[in-house]
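Next come the chains, spelled out residue by residue.
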Amino acid sequence: MVTTRPDGDTNARGTARARLFVEHDADRWTLVAAAAREGARERRAFREYLERHGDPASDFDAAEAVYGELVNTCVRHAPGEITIEFRWDDATLIVVDARERLRSWPFSPDDPSAESTHHAYALISAFTGRIHVTRDPRGGTRASVALPVMKAHA
């Protein structure tokens, strides 16, 4: 298990005072951040994780694009606390926004940023087939998508 804090210490455990907590191993990748923009900054790290553990036949470009679109939608519309988790067992990316803003996504046509949110929703749907949005049991909105990636054989 590798845990990374903002100071770059990969052996330290995250604390409640940390703004960003990333933890990963061969089975999952998890990020908890005080602000969605912190999750957006980890897009490249997420892709590197997928490439390290994924089958080369996976569509890493699509997976990175889905991560970016989903997290950037949180940055624009639910900028608070965010939790991001990826599990290899079902190749599911889960993004939980603590503000419950994503529950009505894609937003109504009178939303001033409707074009960009509908574009993001359409892009994610094209790459993954479906976005499942529900209430998270711990509070907030849970968006989950199956990414077009496969775990490398050991």
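Look above for the structure.
Below is a short write-up of the structure. (Residues numbered from 1 in each chain as written. Predicted model: local features only at pLDDT ≥ 70, side-chain atom pairs only at ≥ 80, totals over all residues. Heavy atoms only, no water.)

Under the definition given, this model contains twelve salt bridges. With a closest N to O distance of 3.3 Å, Glu-23 and Arg-28 form a salt bridge. Residue Glu-23 is classed as buried on the basis of its relative accessible area, which comes to 9%. Taking relative accessible area as the criterion, Arg-28 reaches 26% and is therefore assigned partly exposed. Measuring nitrogen to oxygen at the nearest pair gives 3.1 Å for the salt bridge that ties Asp-136 to Arg-138. On the basis of relative accessibility, which here comes to 67%, the residue Arg-138 falls in the exposed class. (Salt bridge = Lys/Arg side-chain N within 4 Å of Asp/Glu carboxyl O. Buried < 20%, exposed > 50% of the residue type's maximum accessible area, 1.4 Å probe, protein only.)

Taken N-terminus to C-terminus, the directions of helix 2 (residues 43–53) and helix 3 (residues 60–77) make an angle of 150°; their axes are 10 Å apart at the nearest point. The orientation of helix 2 with respect to helix 3, classified from their angle, is roughly antiparallel. For the element pair helix 2 and helix 3, the recorded crossing hand is right-handed. Residue-level inspection shows Arg-43, Arg-44, Phe-46, Arg-47, Leu-50 and Glu-51 of helix 2 in contact with helix 3, the latter providing Phe-60, Asp-61, Ala-63, Glu-64, Ala-65, Tyr-67, Gly-68 and Asn-72. Each residue belonging to the contact of helix 2 with helix 3 can be placed in one class, and the counts come to six nonpolar, two polar and six charged. (Axes fitted to C-alpha atoms, helices over the stretch in contact; angles between N-to-C directions. Helix = DSSP H or I, 4+ residues; strand = E, 2+ residues; numbered from the N terminus. Parallel < 35°, antiparallel > 145°, perpendicular 65-115°, else oblique. Left-handed = near helix turned anticlockwise from the far one by under 90°. Contact = heavy atoms within 4.5 Å. Nonpolar A, V, L, I, M, F, W, Y, C, P; charged D, E, K, R; others polar.)

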